[in-house]
Structures are given as C-alpha cells and as structure tokens.
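Survey of secondary and tertiary structure
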Amino acid sequence: METLIINGGNALRGSVEINGAKNAAVAILPAAVLASNQKCIIDNIPDIEDVHCLERILAGLGCTVNKINNNTLEIDATDITTVNACTEDVRRMRASYYFIGSLLARFKKARVELPGGCPIGVRPIDQHIKGFEALGAKVTIEHGAVSVEADELHGASIFFDVVSVGATINVMIAATMAEGTTTLENVAKEPHVVDVANFLNTMGADIKGAGTDVIRIKGVESLTGCNYSVIPDQIEAGTFMIAAAATKGDVTITNVIPKHLESISAKLIEVGAIVEEGDDSIRVTVDKPLKGVNVKTAPYPGFPTDVQQPMSTLLSITEGRSLIVESIWENRHKHTDELKKMGAVIKVEGRTAIIDGVESLTGCRVRATDLRAGAAMVIAGLIANGETEIVDIEHIDRGYPHIENKFRALGADIRREDR
Ligand code: EPU
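Residues numbered from 1 in each chain as written. Predicted model: local features only at pLDDT ≥ 70, side-chain atom pairs only at ≥ 80, totals over all residues. Heavy atoms only, no water.

Points about the domain arrangement of the chain
It is common to give the size of an interface as the accessible area lost on bringing the parts into contact. The following threshold applies: Each domain's extent is set by a domain assignment, obtained either automatically or from a database. By definition in these notes, contact holds between two residues if any of their heavy atoms fall within 4.5 Å. Accessible-area loss on putting two parts together, using a 1.4 Å probe and summing over both, is the definition of buried area adopted here. Note on definitions: salt bridges are taken to be side-chain nitrogens of Lys or Arg within 4 Å of carboxyl oxygens of Asp or Glu. Charged means Asp, Glu, Lys or Arg here, nonpolar means Ala, Val, Leu, Ile, Met, Phe, Trp, Tyr, Cys or Pro, and polar covers whatever is left, Gly included.
Segmenting the chain into domains produces domain 1 (2–18 + 232–418) and domain 2 (22–219). Taking only C-alpha atoms into account, the centre of domain 1 sits 30 Å from that of domain 2. Residue-level contacts link 23 residues of domain 1 with 20 residues of domain 2. Summing both sides of the interface, domain 1 and domain 2 together bury roughly 1,800 Å²; the carbon and sulfur share of this comes to 54%. The largest contributions to the domain 1 side of the interface with domain 2 come from Tyr300, Trp329 and Arg398, which together make up 35% of the buried area. Counting across the interface, domain 1 meets domain 2 through 1 salt bridge. Here Arg398 and Asp50 are joined by a salt bridge, their closest N and O atoms 3.0 Å apart. Looking at the side of domain 1 that touches domain 2, its residues break down into 7 nonpolar, 7 polar and 9 charged.

Quick look at the structure:
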C-alpha cells in the first residue's frame, strides 16, 4: 500500500508552479466528444488520476487519445463508436457525468453509469436531469445508469433550484447544439465554469454570460476540434498558499490567476499572513503569530468548499477559536477526526467545525478520507512534530499532481513509500 511519510517542522520556502485546473479539465475532456471533425489539442491538463480515468473512458467510446506529453492531450472524437459509458472508471469518478451532456448534445442519446466521487455528502443529479428534460430529452435511471434520449433538443429557459457547478456545466454542454436559445439562471460562476464555456466557444459554440448569474447559449449546427489551454487550478494554488502560512514559510506560487484566489487571500490576511499579489503569482509569508478566524464556504466568489479542509489544518494551530461553516456539502468535516488524532482540538456540530487552536500537532498514522481531506493531512504532516504516515492516498492522487515532489522542492521532508 502506498503511503506518504512526512517528517514535519520544515518551513516551506521557494517557488511552486501550479498546474491546470482539475475541475475544468475533467469537464473539458468529456466535452471534447462534441467535436465531429478535427482533433482537440488540450494543454495545461493536470497529470492526475481523474484525468487518466477520463482518457480511458474516451478511448472506450472510440476516441483516439494521444498523450503528447504529461500535460497535453490530443483527442480525436470523429469516429466515436458507442454512446454507452458503463465501466468501472465511469463509476469511480464524479466528472464522468459530463459524458451525459456531451453525448446527448452530439448523438441525442447516451447511457452513462451513475458517477462516484468523494464521499462528502449526498450528491444528487436532479438539477442536471431537470436541465436535460427541459431541452427535450427523456431521462431514465435504470440498473444504476442514466439513459438520455431525444429526437431533437430545443432551447429552453432553465432556473436551477440550487447553484451547482456540475449541473451548470452539464446543461451548458448539452445545449450547445440545441435548436434555438437556452437561458440558464441561478448558475455557478466558478472560474472552471467560465473555462469550459471558453473551450466550447473555441470549438464554435455561442455561449455568453459564463461567470455571471445568467448564461445564454445559442445552438449551433456542429462543433469542431480546437487548441485550448486549461486555466490554472484555484484549489491547488489555495492549498499551497495555506501550506505556506501553516509552516510559517515564504512561498511564491506561480502560474495562478490572483483574482480567482481573492477569497483565500483575504482569509489568510485575516489570519495574519502576508499575501502579495503579482500578475500571475502570489507570495505568502508569515512574520507574526497567526490568529483564528471564522470561515463560511460559499459558491464562487465565496470561500471555496474545496479549500475548507486544508484551511481547517491551519486553523488548528492558530491562536484562539475558529469556526468553519460548510454550506455546500453536509459531510465535509470527516477529516477532523484524523486531525484530532494529531492533537487538534475540534468539535463538529452539524455543518460547523469549532476549532480551538493548539500550540502544535504531533505526527501519527492518519487517513486521507477524501481528496481535499488528503491535502489537509499533508499540511498537518508538514507542521507536526515527528513522523506522519498518510494512508489511502489514492484520493490525493485523484486531484493533486505529484504532490510530494512539489512539497519536497519547497523544502519539505516528504516521501512516498510502499509500506
Ligand atoms: N446539488 C443538488 N442537485 C444537483 C447537483 C448538485 O442538489 O443536481 C447540490 C449538491 O448536493 C451540493 C450543491 O448542490 O450541495 C453543490 O454541488 P455541485 O453540483 O456544485 O457540485 P459538483 O459539481 O458535484 C463540483 C466539484 C467539487 C466541488 C463542488 C462545489 C467537480 C468534478 N467537482 O462538484 O469538487 O466541491 O463543485 O464547488 O467539478 C473537489 O474537487 O474536491 C470537489 C469535490
């Protein structure tokens, strides 16, 4: 079993380059099946397990997938042979549900097994289904798979009941070639939603308003392949910013869009860290004791739920009491049990974690209970006294490219071992 072994105590110093955004890439790759002619060459793709899973799913559908290098993929979806995506890879990950939207848009038909993903709460897809049905598709769920079918798709006005990244992207993809205009309201505004819209527009789609509350999509006849580069990962950047503050280090995080990181920067400044923005970099340093703060997660531009768990590690060693209210997922405090094993003082009441800062954490064997929980445990290991062993790290590999190499380059004592 692979584990991460960390000997804590080293302040992180130096510079780290952020990879392409996982949650943009995992939607852009399924959307590549929309191209009925010409290849898509997609750059700045993170080298993570979720992407490898999508490469296999694309190949299984009949796409030619050519890895130009670790971060660039060439996808030829011209000769797709099946609209059936029912494999272990599809079941394993969340983003496989974007194949429902993309296959529906291009072939008016798809059968895709229900998606998996991190165990962070109930993860319904009712808003995706509501959108597909409004566009004219018949949707059935049988034997653990979603089947969609339509004679033709037509534009519609859809008001989402909850702000959902997945539903916004999936229905936007499905509507690209629907007859007429589709209006999506109460949509997610995350940077990766905008990135997917930009990718679709580069393929020839006509999408306006991504990044605002209303997205308008004028259906086009067909989409073609294109060259595209994925935006930098807001969450990976936030994780390194928090790790820099937690270890009282001095880290410059490069290849970022500082605007996407404003809510994280603001919280770190409130904690007492120094955050300096460059054009495409952010430097985080610490020159005084850090203090507890309250955090409430919210859809973009609010504080991202995906950075909440790493933040809880930082707040476990800041002075005083902090509250973290998780408003997106009902079960995203499970990692606090692992932090408690390391000496953190945390009480969870419903969606709120009440954290009383302690002087220090101590290393021990802990689990990565999900992807971002894994990042939280890595940061805990970096600041703890003694050795921390993190197990179940396949969760971390799903979303963080080469995490141990990046932290080691910043001076951390971290290695991967088969134990
Ligand atoms: N929701 C519904 N019905 C739906 C869809 C969502 O009620 O049809 C609810 C969810 O239960 C949740 C809220 O709406 O309470 C938001 O869910 P959303 O659809 O936005 O989440 P998602 O698309 O499943 C993506 C990211 C998550 C991230 C959330 C929120 C991907 C592959 N996943 O999930 O990322 O936490 O948006 O920003 O893009 C991660 O990267 O670690 C991760 C979990």
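And the narrative resumes.
Here we look at the sheet that holds strand 12 (residues 181–185)
Rules: Note on pairing: two strands pair once DSSP finds at least 2 bridges between them. Helical segments are the DSSP runs of H or I of at least four residues, strand segments are the runs of E of at least two, and each set is numbered from the N terminus. To obtain each axis, a line is fitted to C-alpha atoms, and for helices this fit is confined to the stretch in contact; angles are then taken between N-to-C directions over 0 to 180 degrees.
Spatially, 11-12-14-13 is the arrangement adopted by the 4 strands of the open sheet, whose pairing is mixed. Among the strands making up the open sheet, the edge pair consists of strand 11 (157–159) and strand 13 (206–208). Across the sheet, the axes of successive neighbouring strands diverge by a mean angle of 15°, strand direction being ignored. Alignment of strand 12 against strand 14 (residues 214–218), held across 5 bridges, turns out to be antiparallel. Following the sheet pairing, Leu184 is matched in strand 14 by Ile215.

Section: the pairing of strand 9 (residues 138–142)
Both strand 9 and strand 10 (residues 145–149) contribute to a ladder of 5 bridges, which runs antiparallel. What sits directly across from Thr140, in strand 10, is Ser147. Hairpin connection between strand 9 and strand 10: a loop of 2 residues separates the two successive antiparallel strands, and His143 in this loop has a positive phi of roughly 50°.

Details of helix 12 (residues 371–383)
For an α-helix the count is 3.6 residues per turn, leaving residues at separations of three or four pointing the same way. Put simply, the rule reads: Residue count minus one, scaled by 1.5 Å, sets the expected span of a helix. Under the scheme applied here, a residue whose accessible area is under 20% of the maximum for its type counts as buried, over 50% as exposed, and between as partly exposed, the area being computed with a 1.4 Å probe on protein chains only. Here a polar contact is taken to be a pair of N or O atoms separated by no more than 3.5 Å, where protein atoms must pair a possible hydrogen donor with a possible acceptor and residues adjacent in sequence count only if both atoms sit in side chains.
Look at helix 12: 19 Å from first C-alpha to last across 13 residues, which is about the 18 Å you get at 1.5 Å a residue. By the criterion of burial, helix 12 is predominantly enclosed, with 13 of the 13 residues buried. Sitting at the amino-terminal end of helix 12 is Asp370, which places a side-chain oxygen 3.2 Å from the backbone nitrogen of Arg372.

Observations regarding the UniProt feature "binding site: phosphoenolpyruvate" (unreviewed entry) in the chain
What counts here: UniProt positions are given in the numbering used here, feature names are shortened, and annotations may be inferred rather than shown by experiment.
Under the UniProt annotation, the feature "binding site: phosphoenolpyruvate" (unreviewed entry) is placed at Lys22 and Asn23. In this structure Lys22 touches Pro46, Ile48, Asp50, Asp233, Leu371, Arg372, Arg398 and Gly399, once residues within four positions along its chain are discounted. Among the polar contacts listed, one links the side chain of Lys22 to the side chain of Asn23, at a separation of 2.6 Å. As for its position among the elements, Asn23 is in helix 1 (residues 22–31). Taking the relative accessible area as the measure of exposure, Asn23 reaches 18% and is therefore buried. Beyond its immediate sequence surroundings of up to four residues, Asn23 is in contact with His192, Asp306 and Arg372.

Examining the packing of aromatic side chains
The test is simple: Note on ring pairs: Phe, Tyr and Trp rings are taken, using the six-membered ring of Trp, and paired if centres are within 6.5 Å. Classes follow the plane angle, with under 30 degrees stacked, over 60 edge-to-face and the rest tilted. Only Lys NZ and Arg CZ are tested; either one counts as a charge over a ring when it is within 6 Å of the ring centre and within 35 degrees of the ring normal.
As enumerated under the stated definition, the model contains 3 aromatic pairs in all. Taken together, a centroid distance of 5.5 Å and an interplanar angle of 65° make the contact between Phe199 and Tyr228 edge-to-face. You can see Phe199 sitting in helix 7 (residues 191–202) and its partner Tyr228 sitting in strand 16 (residues 227–229), a full 29 residues away along the chain. Accessibility expressed as a relative area gives 0% for Phe199, which makes it buried. Its end group placed over the ring of Trp329, Arg123 keeps NZ or CZ at 4.6 Å from the ring centre.

Concerning the packing of helix 10 (residues 305–315) against helix 12
Note the following rule: Convention used here: angles under 35 degrees read as roughly parallel, angles over 145 as roughly antiparallel, angles from 65 to 115 as roughly perpendicular, and any remaining angle as oblique. In this scheme, a crossing is called left-handed if the near helix is turned counterclockwise away from the far one by less than a right angle; it is called right-handed if the turn is clockwise.
It is at 8 Å that the axes of helix 10 and helix 12 come closest, and there the two elements cross at 20°. Considering their axes alone, helix 10 and helix 12 lie roughly parallel with respect to each other. Note on packing geometry: the crossing formed by helix 10 with helix 12 is right-handed. For the pair formed by helix 10 and helix 12, the contact residues are Asp306, Gln309, Pro310 and Thr313 on the first element and Arg372, Ala373, Ala375, Ala376, Ile379, Ala380 and Ile383 on the second. Residue composition of the contact of helix 10 with helix 12, by class: 7 nonpolar, 2 polar and 2 charged.

A closer look at the side chain of Ser316
Residue position: Ser316 is located in the loop between helix 10 and strand 21 (321–325). Here Thr313 takes part through its backbone oxygen, which lies 2.6 Å from a polar atom of the side chain of Ser316.

A word on the site of the ligand
Which entries qualify depends on this criterion: Note on definitions. A residue lies near a molecule or strand when any single heavy atom of the residue is within 4 Å of it.
Taken together, 25 residues sit near the ligand, with Ser164, Val165, Asp306, Ile328 and Arg372 positioned nearest. Residue Lys22 places a side-chain N or O atom 3.0 Å away from an oxygen atom belonging to the ligand. The contact in question runs from an oxygen atom of the ligand to an N or O atom on the side chain of Arg332, over 3.1 Å. Broken down by class, the residue content of the shell around the ligand amounts to 12 nonpolar, 6 polar and 7 charged. Of the domains in this structure, domain 1 (2–18 + 232–418) and domain 2 (22–219) are the two that each give at least three residues to the shell around the ligand.

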